[in-house]
Amino acid sequence: MEFNITAEEEALVLRVASLLRAGRSLTDDDLAEELGDEVRQLLRSLLEKGWLVVDEERELTLSVIARAAVSSRKDVEGPQ
């Protein structure tokens with residue numbers, strides 16, 4: 001896993017975490033529809049860096065380490 005991510009990537013990780021906490025199932029198409037096609041490049045980068053993974057249902061989720069990183073942040077609500 002690569003721990004250095006850009007501010008844009010970090011914002012997307014936090015957005016994905018928020019949507020997952022809200023019970024949403026996410027695909028790259030869902031996020032592109034919501035945030036624009038330019039999000040696909042960020043998703044690809046986060047997948048390569050190990051922050052996002054694709055589960056058995058082909059949906060995006062946070063990696064174990066990304067979930068831990070998000071949950072340890074004091075400035076955002078961590079996963080419940």
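Worth saying up front: this structure is predicted, and the values here are computed from it rather than measured.

Rules used in this analysis
- Residues numbered from 1 in each chain as written.
- Predicted model: local features only at pLDDT ≥ 70, side-chain atom pairs only at ≥ 80, totals over all residues.
- Heavy atoms only, no water.
- Helix = DSSP H or I, 4+ residues; strand = E, 2+ residues; numbered from the N terminus.
- Rg over C-alpha atoms; globule rule 2.2 N^0.38 Å.
- Buried < 20%, exposed > 50% of the residue type's maximum accessible area, 1.4 Å probe, protein only.
- Contact = heavy atoms within 4.5 Å.
- Areas by Shrake-Rupley, 256 points an atom, 1.4 Å probe, with all protein chains shown as cover.
- Lys, Arg positive; Asp, Glu negative; His and termini not counted.
- Charge placed at Lys NZ, Arg CZ, Asp CG, Glu CD.
- Patch = residues over 30% accessible without salt bridge, like charges linked within 9 Å, V, L, I, M, F, W, Y side chains within 5 Å.
- Salt bridge = Lys/Arg side-chain N within 4 Å of Asp/Glu carboxyl O.
- Core = buried A, V, L, I, M, F, W, Y, C linked by side-chain atoms within 4.5 Å.
- Axes fitted to C-alpha atoms, helices over the stretch in contact; angles between N-to-C directions.
- Parallel < 35°, antiparallel > 145°, perpendicular 65-115°, else oblique.
- Left-handed = near helix turned anticlockwise from the far one by under 90°.
- Nonpolar A, V, L, I, M, F, W, Y, C, P; charged D, E, K, R; others polar.

A. Local environment of the overall build of the protein. Of regular secondary structure, the protein possesses four helices and two strands. From first element to last, N terminus to C terminus, the protein shows the α and β order α-α-α-β-β-α. For the protein, the C-alpha radius of gyration of 12 Å lies close to 12 Å, the compact-globule estimate for 80 residues. Projected onto its principal axes, the C-alpha coordinates of the protein cover approximately 30 × 25 × 25 Å. Across the 80 residues in the protein, those meeting the buried criterion constitute 30%. Residue pairs in contact within the protein that sit at least 24 positions apart in sequence constitute 53% of those at least 6 positions apart. As displayed, the protein has an accessible area near 5100 Å², and 47% of this comes from carbon and sulfur atoms. The average position of the 10 basic charges and that of the 18 acidic charges among the side chains of the protein differ by 4 Å.

B. Expanded view of a nonpolar patch on the surface. A contiguous nonpolar patch, built from Met1, Phe3, Val64 and Ile65 and spanning about 410 Å² of accessible area, is present on the exposed surface. Note that Phe3 resides in the segment before α1 (7-21).

C. Seen up close, the pattern of salt bridges. For the structure on display, the rule yields six salt bridges. Note that Asp37 and Arg40 form a salt bridge whose closest N and O atoms lie 3.3 Å from each other. For Asp37, a relative accessible area of 55% corresponds to the exposed category. Connected through salt bridges with shared partners, the residues Asp28, Asp29, Asp37 and Arg40 form a single ionic network.

D. A look at the nonpolar core. If you look at the biggest cluster of nonpolar residues, it comprises 18 residues, and the most contacted ones within it are Leu12, Val16, Leu31, Leu43 and Leu62. Those elements giving two or more residues to this core turn out to be α1, α2 (28-35), α3 (39-49), β2 (60-62) and α4 (64-71). Residues contacting Val16, with those up to four places away along its chain left out, are Leu26, Leu31, Leu52 and Leu62.

E. Looking closely at the packing of α2 against α3. Across the interface, α2 lies against α3 with an axial gap of 9 Å and an inter-helix angle of 140 degrees. Here α2 is positioned oblique relative to α3, judged by the angle of their axes. Like other packed secondary-structure pairs, α2 and α3 cross with a definite hand, here right-handed. Of α3, the residues touching α2 (which contributes Asp28, Asp29, Leu31, Ala32 and Leu35) are Val39, Arg40 and Leu43. Across the contact of α2 with α3, the residue classes break down as five nonpolar, no polar and three charged.

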